[in-house]
Amino acid sequence: MSEYLWPWQSHVFILHPWAISIMFIVLSLLLSMISWFKKK
Amino acid sequence: MVRVSGYQLFATTVLFQLGTTVIFGFASPAGRDAWIAMLLSAFIGMFMILGYIALMNMMPGLSLVEWFPKQFGPWLGIPIAWFYPLLFIYDAGRGISDLKELVPLTLLPGTPTWVILGSMMLVIMYFLSSGVEVIFRFAGLLFPIIFFLFVAEILLLLGSRNVHFDNLQPLLGEGWGRVWKTVWPFGILQTFGETIEFAMLWSFLRKPGQLAGINIIAVLVTGVTIAVFDMLAIMVLGEGVFQRNIYPLLVLLRQLSISDFLDNLDALGVMYFMTTIFLKISLHLMTAVLAIQKLTSAKSLRLPILIVTVTTLWIGSNMARNVTDHIFVGTRILPYNLWIPLFIVIPAILLMVAWIRKKAGTAL
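Bear in mind that the values here come from a model prediction, so they are computed numbers and not experimental data.

1. A short note on the overall build of chain B
Reasoning step 1: The number of helices and strands found in chain B is 14 helices and zero strands.
Reasoning step 2: Overall, chain B shows an N-to-C arrangement of helices and strands of α-α-α-α-α-α-α-α-α-α-α-α-α-α.
Reasoning step 3: Dimensions of chain B along its principal axes, counting C-alpha atoms only, are 65 × 45 × 40 Å.
Reasoning step 4: Across chain B, the fraction of contacts at a sequence separation of at least 24, relative to all contacts at a separation of at least 6, is 83%.
Reasoning step 5: Taken as a whole, chain B presents about 14900 Å² of accessible surface, with 68% of it coming from carbon and sulfur.
Reasoning step 6: Of note, chain B has its 22 positive side-chain charges centred 14 Å away from the centre of its 17 negative side-chain charges.

In structure tokens:
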């Protein structure tokens, strides 16, 4: 389970190909908060 | 105000698209038909880039990450826009991982990888701090040198006794199947899809009307250059070695020997690989930095530069346990998971939405 934290590593990428996509979605939502907050 | 010339944009685009292909070769699964796969990828890739330029023309003056909030609104557009700097950082990490595998194997066998990668990232950090204009000037300066080396390599190979034109025969002997498998999705996306990054930089072009022409010529030059190297590798090494080797174009350079006087010219190949990979990583990171600056309304580039270079060094140095895994991910998984959605699906939806809005006259 802990390997989901390192989805860019090739062996994790091969075993759990969708982990990196999920990480991108989560990170983009978190980072969007900075953008929304700064725009207000 | 940053302004770049048409030649500088052309040189930067060609060197970016050549990237790591100058060592890894291209389309080796297509065997002796790899050069056809390359030309076909370039042809299709050109239309994809023209699609990105169409988006640019619909939203003049705006960069890639500003397109999405403009068309989809801030609640949906901003999270989508954030995908792109994240992808650029990941792609830069892949470049670092390529270096980690290749440099100890060829140029610096005894040097610890952290020294190689750390010094590379320090130079890149300094390079990024110098600004966008310096990156374009650097590419403009290097382009003729790199192409002089390419021409010298081609002439020396053709002058050697190692070139066997028969190795290219029969043309399409196994049909279009393996050619198409190489073209889609990896061939189109790896070399030409990544050019979407330039949508962060196109607004710096001094004469915006030249954008489409510059990109068409750049794609043609890249396509023909890689196709020529593929043909040479097949003619010199044969289909079997070309397909099995991880670095076929490096092996190709090892075949060069001038009267037993000039040998080991593969070091030359690693040098131009270092140059193109340095430029490619720098562009990945510069576009990521500019995207982060736009999305966070940051006043200075210093903090974004520090964050992206340290992150890239970290993910690049622990990305792959071995080169086989690294290449498998890059060619078999990454194109489907990240590149198709971000280089094709989302821009295609954006193009449709922007076109409909333009027709209806209801841009947000």
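2. Concerning the packing of helix α5 (residues 74-106) of chain B against helix α13 (residues 302-317) of chain B
Residue and element names in this part refer to chain B.
Reasoning step 1: Two elements in contact, α5 and α13, have axes separated by 8 Å at closest approach and are oriented at 50°. The orientation of α5 relative to α13 falls into the category oblique. For the crossing formed where α5 meets α13, the hand is right-handed. Residue-level contacts link I89, Y90, A92, G93, I96, S97 and K100 of α5 to V308, T311, T312, I315, G316 and S317 of α13.
Reasoning step 2: Class assignment of the residues belonging to the contact of α5 with α13 gives a composition of six nonpolar, six polar and one charged.

3. Here we look at the interface of chain A and chain B
Reasoning step 1: Contact residues are listed per partner, giving 24 residues for chain A and 27 residues for chain B.
Reasoning step 2: Regarding the contact of chain A and chain B, the summed buried area is about 2400 Å², with carbon and sulfur atoms giving 71% of it.
Reasoning step 3: Counting the contacts that link chain A with chain B gives zero salt bridges.
Reasoning step 4: Linking chain A to chain B there are ten residue pairs in polar contact (both at pLDDT 80 or more).
Reasoning step 5: Every element with two or more residues in the side of chain A that touches chain B is listed here: α1 (10-15) and α2 (19-39) of chain A.

4. Points about the environment of B:P170
All names here are of chain B.
Reasoning step 1: The topology assignment puts P170 in the loop between α7 (132-159) and α8 (177-191).
Reasoning step 2: Here P170 falls in the partly exposed class, since its relative accessible area comes to 43%.
Reasoning step 3: Sequence separation of P170 and A233 is 63 residues, and the distance between their C-alpha atoms is 16 Å.
Reasoning step 4: In this structure, P170 is in contact with R32 and D33, ignoring residues within four places of it in sequence.

Criteria and thresholds
Residues numbered from 1 in each chain as written. Chains lettered and ligands numbered in written order. Predicted model: local features only at pLDDT ≥ 70, side-chain atom pairs only at ≥ 80, totals over all residues. Heavy atoms only, no water. Helix = DSSP H or I, 4+ residues; strand = E, 2+ residues; numbered from the N terminus. Contact = heavy atoms within 4.5 Å. Areas by Shrake-Rupley, 256 points an atom, 1.4 Å probe, with all protein chains shown as cover. Lys, Arg positive; Asp, Glu negative; His and termini not counted. Charge placed at Lys NZ, Arg CZ, Asp CG, Glu CD. Axes fitted to C-alpha atoms, helices over the stretch in contact; angles between N-to-C directions. Parallel < 35°, antiparallel > 145°, perpendicular 65-115°, else oblique. Left-handed = near helix turned anticlockwise from the far one by under 90°. Nonpolar A, V, L, I, M, F, W, Y, C, P; charged D, E, K, R; others polar. Buried area = accessible area lost by both parts, 1.4 Å probe. Salt bridge = Lys/Arg side-chain N within 4 Å of Asp/Glu carboxyl O. Polar contact = N/O pair within 3.5 Å; in protein donor to acceptor, adjacent residues only side chain to side chain. Buried < 20%, exposed > 50% of the residue type's maximum accessible area, 1.4 Å probe, protein only.

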